[in-house]
Amino acid sequence: MAAECDNRQSSDQAEAADGREADACVGDDSIVTACGYLTAQADLEREAAEVLSGKFDECTYDKGYIHQPLYACLTCTRPPNEYARGAATGSGDQSTDPAGMCYSCSIECHSEHEVIELFTKRHFRCDCGTRRLLPCATDEGGGGCSLKKTRVELADLENRDNAYGHNFWGFYCRCDKYYDPSIESGLMVQCYICNDWYHDACIGTMPDEERYDDYICRECVSKHAVVRHIRSSKITRGLVSDNHVTRLVHDDAERTAISDAEGQCCEGAGSPATQGSREDESDEPASKKPRSVVCRLRRDLVAVDAEQPFDMFMADGWKADVCTCIDCMREIEACGLMFLIKEEAVVEPEEDETRSESLYESALKQLRTMDHTRAMDAATAYSSLSSRLKSYLQPFAASGKIVTGQDIRAFFDQQKLRCNDADL
């Protein structure tokens, strides 16, 4: 069979002709020829290598709370009524808590489930195998994380520092709509702080894409004063009216206003007397970044009046203008915003160099790494299985009978019984 595949692959034209001839003979779109099946499998392998290019043999749970790509399983979790979709009527009282998992678990534990990509989120620990996310049982071994099978204690634990939201049901933006990549149009922008994604149409007027690198939504701007009052020539503010940005204000003259605040600090933190007393406080959290004496926040300009909501569009280098005075640092640490001072690197899955190979090529490569005895045993077992399969399929070929999935399952059930009898 391997030789037949090699011969087919050596001539694309011949393969196409064979496929057209087979389709003409069969005349049923629900029936797939062996050639068509192998071609489809090769296409799936190539697509998987492009989309899932990393290794998936290790869960990130033991790495703790990290910045990482996340996924959610809509098979193992059940949304409340307000997030039910399509024909679903919601789960009512049977709804579950939302949960997220790492890249590896999305493949190893949930490959046959409805999985959605959540993109990257900060300070999140994989939930797979914990109380929030026990993968649905797909075999006699039951549920649990396939990558942490010995960690049975996790089933009673919960990652209490994880933060969840409507993204974990597949919903995004302040419009709270389900994200379907097959029909989604327009641009979506991720908030640098909350990591939610927003439609450009829901944001409103925006700077040209080359004018900004990061975006902070109006909800996060309103929530965090240390962000709201940053003054920087790297920032453009989008003033909101009727729930949309209608006017952009660029801080061209911010640098000239710094001297006006040289003697001021948030809540007096910059005065010599209070500065000295605060340095003596033993409970002050440490930070590697030097703290400024004078607060750099602007709290009195019309553009950032508390009554005026706005979005922020930041050009590269804007974080150098984040204030690091004593009080601002306290707020940054208390709100979990230390990534404004020093960004955490995204923990990506390790690149799998073998993903560019076909399963057949990977199997041959693995065979070459075995010792001689094991390699010979494997080759013998493969040859024996191939011979039995050909013998099983011969009557179908002779009579022209179509081979169904049930026929193939019956063959392998026979092989399992054969192996069990041999072990007795």
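Below is a summary of the structure that appears in this document. Being a predicted model, the structure only gives us computed values, none of them experimental. (Residues numbered from 1 in each chain as written. Predicted model: local features only at pLDDT ≥ 70, side-chain atom pairs only at ≥ 80, totals over all residues. Heavy atoms only, no water.)

## Section: the packing of aromatic side chains
Here comes step 1: With the rule as written, the count across this model stands at 16 aromatic pairs.
Here comes step 2: Taken together, a centroid distance of 5.6 Å and an interplanar angle of 70° make the contact between Phe 171 and Tyr 178 edge-to-face.
Here comes step 3: Among the residues examined, Phe 171 registers a relative accessible area of 7% and is labelled buried.
Here comes step 4: You can call Tyr 178 partly exposed: its relative accessible area is 25%.
Here comes step 5: An aromatic cluster is present here, built from Tyr 198, Tyr 212, Tyr 215 and Phe 313 joined pairwise through their rings.
Here comes step 6: The ring of Tyr 192 is capped by Arg 122, whose NZ or CZ atom sits 4.6 Å from the centre of that ring.
Here comes step 7: Directly above the ring of Tyr 164 sits Arg 132, whose terminal nitrogen or CZ lies 3.9 Å from the centroid. (Phe/Tyr/Trp six-rings, centres within 6.5 Å; stacked < 30°, edge-to-face > 60°. Buried < 20%, exposed > 50% of the residue type's maximum accessible area, 1.4 Å probe, protein only. Lys NZ or Arg CZ within 6 Å of the ring centre and 35° of its normal.)

## Section: the pairing of strand E9 (residues 244-250)
Here comes step 1: Bridge count for strand E8 (residues 235-241) against E9 is six bridges, and the pairing is antiparallel. Counted as the bridge partner of Leu 239 is Arg 247 from E9. (Pairing = 2+ DSSP bridges. Helix = DSSP H or I, 4+ residues; strand = E, 2+ residues; numbered from the N terminus.)

## Side note on the pattern of salt bridges
Here comes step 1: Tallying each qualifying case throughout the model produces eight salt bridges.
Here comes step 2: The partner of Arg 132 in a salt bridge is Glu 158, with the nearest N and O atoms 3.2 Å apart. Note that Arg 132 is positioned in the loop between strand E2 (115-124) and strand E3 (171-172) and Glu 158 in the loop between E2 and E3, a separation of 26 residues in sequence.
Here comes step 3: The exposure class of Glu 158 is partly exposed, given its relative accessible area of 27%.
Here comes step 4: Here Glu 219 makes a salt bridge to Arg 174, at a shortest N to O gap of 2.9 Å. Of the two residues, Glu 219 sits in helix H6 (residues 218-223) while Arg 174 sits in the loop between E3 and strand E4 (177-178), which places them 45 residues apart along the sequence.
Here comes step 5: For Arg 174, a relative accessible area of 23% translates into the label partly exposed.
Here comes step 6: Sharing partners across several salt bridges, the network here consists of Asp 62, Arg 151 and Glu 153. (Salt bridge = Lys/Arg side-chain N within 4 Å of Asp/Glu carboxyl O.)

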